[in-house]
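Structural description and commentary
The lines below spell out each chain.
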Amino acid sequence: MAQKYFICNTSDLEEGQERKFKYKGRNAILVKHDGVFKAFIDHCPHAGGALEMSEGKLKCLTHCALFDPDTGCAESTPAQEGSSLMEIKLDIEGDKISYLNTIVFKSRNACEGHEFKRANVLL
Ligand code: FES
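Described below are features of the structure shown in this document.

Conventions and cut-offs
Residues numbered from 1 in each chain as written. Predicted model: local features only at pLDDT ≥ 70, side-chain atom pairs only at ≥ 80, totals over all residues. Pairing = 2+ DSSP bridges. Helix = DSSP H or I, 4+ residues; strand = E, 2+ residues; numbered from the N terminus. Axes fitted to C-alpha atoms, helices over the stretch in contact; angles between N-to-C directions. Buried ≥ 20, exposed ≤ 12 C-beta atoms within 10 Å, placed from the backbone. Contact = placed C-beta atoms within 7 Å.

1. Section: the sheet that holds strand β2 (residues 18-23)
Whether parallel or antiparallel, the strands of a sheet pair through hydrogen bonds between backbone atoms. Read across the open sheet, the six strands follow the order β1-β9-β8-β4-β3-β2; overall the sheet is antiparallel. One side of each edge strand has no neighbouring strand; the edge strands of this open sheet are β1 (4-9) and β2. In this sheet, adjacent strand axes meet at a mean angle of 35 degrees when their direction is disregarded. The pairing of strand β8 (residues 87-93) with strand β9 (residues 96-104) spans six bridges and is antiparallel. Across the sheet, residue Glu87 finds its bridge partner in β9, namely Val104.

2. What about the environment of Ile103?
Inspection of the secondary structure puts Ile103 in strand β9. On the basis of neighbour count, Ile103 is assigned to the partly exposed category, with 17 C-beta atoms found within 10 Å. The residues touching Ile103, leaving out its near neighbours within four places in the chain, are Met86, Glu87 and Ile88.

3. Regarding the pairing of β9
Strand residues, when the strand is regular, have side chains that alternate between the two faces of the sheet. Examined bridge by bridge, β1 and β9 share five bridges and lie antiparallel to one another. Within the sheet, the bridge partner assigned to Asn9 lies in β9 and is Lys96.

4. Points about the environment of Arg26
Among the secondary structure elements, Arg26 is positioned in strand β3 (residues 26-33). A residue is classified by how many C-beta atoms lie within 10 Å of it, and Arg26, with 13 of them, is partly exposed. As a C-alpha pair, Arg26 and Asp42 span 16 residues in sequence and 7.8 Å in three-dimensional space.

5. Some details on the pairing of strand β6 (residues 57-60)
In terms of strand pairing, strand β5 (residues 51-54) meets β6 through four bridges, oriented antiparallel. From the neighbouring strand, Glu52 faces β6, where its bridge partner is Lys59. The hairpin formed by β5 and β6 contains two residues between the paired strands, and Glu55 there has a positive phi angle of roughly 50 degrees. Taking the residues between adjacent antiparallel strands as the criterion, β6 and strand β7 (residues 66-67) are bridged by five residues, where Cys64 takes a positive phi near 70 degrees.

6. Remarks on the environment of Phe37
Note that Phe37 resides in strand β4 (residues 36-41). Residue classification places Phe37 among the partly exposed residues on the basis of 17 C-beta atoms within 10 Å. The spacing of Phe37 and Tyr23 is 14 residues in sequence and 16 Å in space, taken between C-alpha atoms. Discounting residues that sit within four places of it in the chain, Phe37 has contacts with Leu30, Lys32, Leu90, Ile92 and Ile97.

Structural measurements only, silent on function.
Here it is as structure tokens:
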């Protein structure tokens, strides 16, 4: 059974907010979207930028690619279509949010078909 590591209480995050934490020494981000908590490695698949919640999306702070906070799937360039963030499994018991010592790796094309916008800017 995977070990659990406490992050914060459910009441610590409002809708649309994020909280940064460390996952095995790596930067990670916990978000609350539509009442659901999700966590991802805080590392954009384009060039490693950090992320933040912005208007209901996870937005890369480096080149502004958008990601679906429910699935981690990329929704806009310059992230590659079909790419995604690495999701961290959570355990919510009562009001305590913990992460489990496992990462959900998506297959290369797991986000294929996900809504995606191309910008006319190449970075
Ligand atoms: S590093 Fe995230 S869009 Fe470039």
